[in-house]
There are 2 protein chains.
Amino acid sequence: MAYRVPALDNLIEQWERLPGIGHKTAVRLAFSLLSMSDEQSRRFVDAIVDAKKRIHECEICCNLTDGEQCTVCAAENRDESVICVVEEPQDVIAFERMREYHGTYHVLHGTISPMNGVGPEQLRIKQLLTRVANTDVSEVIMATNPTVEGEATAMYLSKLLKPFEIKVTRLAYGIPVGGDLEYADEVTLSRSLEGRSEL
Amino acid sequence: MAYRVPALDNLIEQWERLPGIGHKTAVRLAFSLLSMSDEQSRRFVDAIVDAKKRIHECEICCNLTDGEQCTVCAAENRDESVICVVEEPQDVIAFERMREYHGTYHVLHGTISPMNGVGPEQLRIKQLLTRVANTDVSEVIMATNPTVEGEATAMYLSKLLKPFEIKVTRLAYGIPVGGDLEYADEVTLSRSLEGRSEL
């Protein structure tokens, strides 16, 4: 249902373009923006413009940053010989939340996905290879998502890294802590069995 | 978890201020905006700035419009003697979707809610009274939401409208079409019984 007010219809349409925002949510958000004070909506718009202007990729690991290097690459206490390869900047945050990993990251910004027209050249693979070639790297941990695309990307990368003769590892699969065996899918359970360790 | 990139943290914080947007959604939306092309994000920002600049209240019914009058008030085939009083502009759309109502509207932009510090003076009540006083109105339909605040506002308005000696009506309560008696709450069922009609 169009509101027959072009500026409003356009605003709703722009909201709908965001991922996970359906028509009803777009309408709610558009109206909430209109009901904001001018000061509040200016702050919202400024935050977007400012972030788009300042934030770019770290020159080393391709994570998002507003400086030349991201906070992890710029930190002095991180082990630069270990690189954890993740799909998205959000994944870095998940790892950092754990507070147990002290190596560095490499953000691919996606996975190889021919279905969506994403080939290796769209990802930050060249940067990873340059990095491995030029720094003393002892291990690359593949931490792409456990999906078909994530797996394929990890396999592809491990082949590319073979000539460098460094250790390439993959995150363990298994039942999530606090999970219930009854509801675990067959593939996860089978991977969990394969990867069993001695007590 | 802060990203330690001020422009990004600020962007996420601004998203979180929107109603119904929690931290995780705010993060997702902020990243999706960053991954947009400059052209796309510019269109998004322009839509907000443009809507804030152009959209204001209709001089007659206080509905949102980009002209002097909203499309309903400007239309020639609407019955100006019937005014349907609603809380928000979205409610007008709900009515228009029905395609059965041919009168006009009056948008209060909220309800009287002392808990939230909203008194009658914050609503478009003065505009409604002026309208009733100056035009030939035969009926005012109270279509505020069936909540405590909506009820209270409808009661308050009906008292204010008493001196004008016009018909003031309220939308019917009852079980929703397609609903199940088993799950109807007591108040709705009791209202539905009260308002029963002959077959």
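Since the structure is predicted, the reported quantities are computational estimates derived from the model, not experimental observations.

## Thoughts on the domain arrangement of chain A
- Its domain assignment divides chain A into domain 1 (6–54) and domain 2 (57–198).
- Here domain 1 of chain A and domain 2 of chain A have C-alpha centroids that lie 33 Å from each other.

## Re the packing of helix α1 (residues 6–16) of chain A against helix α3 (residues 38–54) of chain B
- Running from N to C, α1 of chain A and α3 of chain B point in directions that differ by 145°, and their axes come no closer than 9 Å. Of the two elements, α1 of chain A crosses α3 of chain B, and the hand of that crossing is left-handed. Residue-level inspection shows Ala-7, Asn-10, Leu-11, Gln-14 and Trp-15 of chain A of α1 of chain A in contact with α3 of chain B, the latter providing Gln-40, Arg-43, Phe-44, Ala-47, Ile-48, Asp-50, Ala-51 and Arg-54 of chain B.
- Of the residues contributing to the contact of α1 of chain A with α3 of chain B, the split by class is 7 nonpolar, 3 polar and 3 charged.

## Thoughts on the sheet that holds strand β4 (residues 103–107) of chain A
Residues and elements named next belong to chain A.
- If you trace the 4 strands from one edge of the open sheet to the other, you get β4-β3-β5-β6, paired in parallel fashion. In this open sheet, the two edge strands, each paired with only one partner strand, are β4 and β6 (167–170). The average undirected angle you get between the axes of adjacent strands in this sheet is 25°.
- Taken together, the 4 bridges between strand β3 (residues 79–86) and strand β5 (residues 139–142) define a ladder with parallel strand orientation. Looking at β5, one finds that Ile-83 is bridged to Val-140.

## Some details on the pattern of salt bridges
- Evaluated as defined, the whole model comprises 20 salt bridges over all chains.
- With a shortest N-O distance of 3.9 Å, Lys-52 of chain B and Asp-38 of chain A are connected by a salt bridge. Placement of the pair is Lys-52 of chain B in helix α3 and Asp-38 of chain A in helix α3 (residues 38–54), with the two residues belonging to separate chains.
- Glu-13 of chain B is the partner of Arg-17 of chain B in a salt bridge, and the nearest nitrogen-oxygen pair spans 3.1 Å.
- Overall, the relative accessible area of 48% leaves Arg-17 of chain B in the partly exposed class.
- Several salt bridges converge on common partners, so that one network encompasses Glu-39, Arg-42, Arg-43 and Asp-46 of chain A.

## Section: the nonpolar core
- Judged by nonpolar contacts, the single largest core of 46 residues is most densely connected at Trp-15 and Phe-44 of chain A together with Trp-15 and Phe-44 of chain B.
- Residue assignment for this core shows that the elements contributing at least two residues are α1, α2 (23–34) and α3 of chain A together with α1 (6–16), α2 (23–34) and α3 of chain B.
- Dropping the residues within four chain positions of it, Trp-15 of chain A is found in contact with Ile-21, Ala-26, Leu-29, Ala-30, Leu-33 and Phe-44 of chain A together with Trp-15, Leu-18 and Phe-44 of chain B.

## Here we look at the interface of chain A and chain B
- In this assembly, 47 residues from chain A lie in contact with 47 residues from chain B.
- A buried area of about 4400 Å², summed over both sides, lies between chain A and chain B, and 74% of it is on carbon and sulfur atoms.
- The interface formed by chain A and chain B includes 2 salt bridges.
- On inspection of chain A and its partner chain B, the count reaches 8 residue pairs in polar contact (both at pLDDT 80 or more).
- Per element, the largest residue contribution to the side of chain A that touches chain B is 13 residues, and it comes from α3 of chain A.
- For the side of chain A that touches chain B, a count of residues per class yields 27 nonpolar, 10 polar and 10 charged.

## Things to note about the packing of aromatic side chains
- Within this structure, the stated rule accounts for 11 aromatic pairs over all chains.
- When the ring of Phe-95 of chain A is compared with that of Tyr-101 of chain A, the centres are 5.9 Å apart and the planes differ by 70°; the resulting orientation is edge-to-face.
- For Tyr-101 of chain A, a relative accessible area of 12% corresponds to the buried category.
- Summarising the aromatic geometry, the rings of Phe-95 of chain B and Tyr-105 of chain B are spaced 6.0 Å apart at their centres and angled 70° between planes, so their arrangement reads as edge-to-face. Separated by 10 residues along the polypeptide, Phe-95 of chain B in helix α5 (residues 89–98) and Tyr-105 of chain B in strand β4 (residues 103–107) bring together distant segments of the chain.

## Quick word on the packing of helix α6 (residues 125–134) of chain A against helix α7 (residues 148–161) of chain A
Residue and element names in this part refer to chain A.
- At a minimum axis distance of 11 Å, the contact between α6 and α7 shows a crossing angle of 35°. In this structure, α6 meets α7 at a crossing whose hand is right-handed. Across from Ile-125, Leu-128, Leu-129 and Val-132 in α6, the residues of α7 making contact are Tyr-156, Leu-157, Leu-160 and Leu-161.
- A per-class count over the contact of α6 with α7 returns 8 nonpolar, no polar and no charged.

## Re the sheet that holds strand β3 (residues 79–86) of chain B
All names here are of chain B.
- The strand order across the open sheet formed by 4 strands is β4-β3-β5-β6, and the pairing between neighbours is parallel. A strand with exactly one partner marks an edge of an open sheet, and here the two such strands are β4 and β6 (167–170). Each neighbouring strand pair of the sheet contributes to a mean axis angle of 25°, computed without reference to strand direction.
- Sheet strands in contact with α5 are β3 and β4, and its direction is about 160° off that of β4.
- Most of the contacts of helix α6 (residues 125–134) go to β4, to which it runs at about 150°, and overall it touches β3, β4 and β5 (139–142).

## Quick look at the side chain of Glu-96 of chain A
Residue and element names in this part refer to chain A.
- Inspection of the secondary structure assignment puts Glu-96 in helix α5 (residues 89–98).
- For Glu-96, a relative accessible area of 13% gives the class buried.
- A distance of 2.5 Å separates polar atoms of two side chains, one belonging to Glu-96 and the other to Tyr-105.

## Brief notes about the pairing of β4 of chain A
Residue and element names in this part refer to chain A.
- With 5 of 5 residues buried, β4 is to be regarded as a mostly interior element.
- Here 5 bridges tie β3 to β4, and the two strands are oriented parallel to one another. Note on β4: the bridge partner recorded for Asp-79 is Gly-103.
- Taken together, β3, α5 and β4 constitute a β-α-β crossover, and its handedness is right-handed.

Conventions used here
- Residues numbered from 1 in each chain as written.
- Chains lettered and ligands numbered in written order.
- Predicted model: local features only at pLDDT ≥ 70, side-chain atom pairs only at ≥ 80, totals over all residues.
- Heavy atoms only, no water.
- Domains from an automatic or database assignment.
- Axes fitted to C-alpha atoms, helices over the stretch in contact; angles between N-to-C directions.
- Helix = DSSP H or I, 4+ residues; strand = E, 2+ residues; numbered from the N terminus.
- Left-handed = near helix turned anticlockwise from the far one by under 90°.
- Contact = heavy atoms within 4.5 Å.
- Nonpolar A, V, L, I, M, F, W, Y, C, P; charged D, E, K, R; others polar.
- Pairing = 2+ DSSP bridges.
- Salt bridge = Lys/Arg side-chain N within 4 Å of Asp/Glu carboxyl O.
- Buried < 20%, exposed > 50% of the residue type's maximum accessible area, 1.4 Å probe, protein only.
- Core = buried A, V, L, I, M, F, W, Y, C linked by side-chain atoms within 4.5 Å.
- Buried area = accessible area lost by both parts, 1.4 Å probe.
- Polar contact = N/O pair within 3.5 Å; in protein donor to acceptor, adjacent residues only side chain to side chain.
- Phe/Tyr/Trp six-rings, centres within 6.5 Å; stacked < 30°, edge-to-face > 60°.
- Right-handed = clockwise from strand over helix to strand, strands pointing away.

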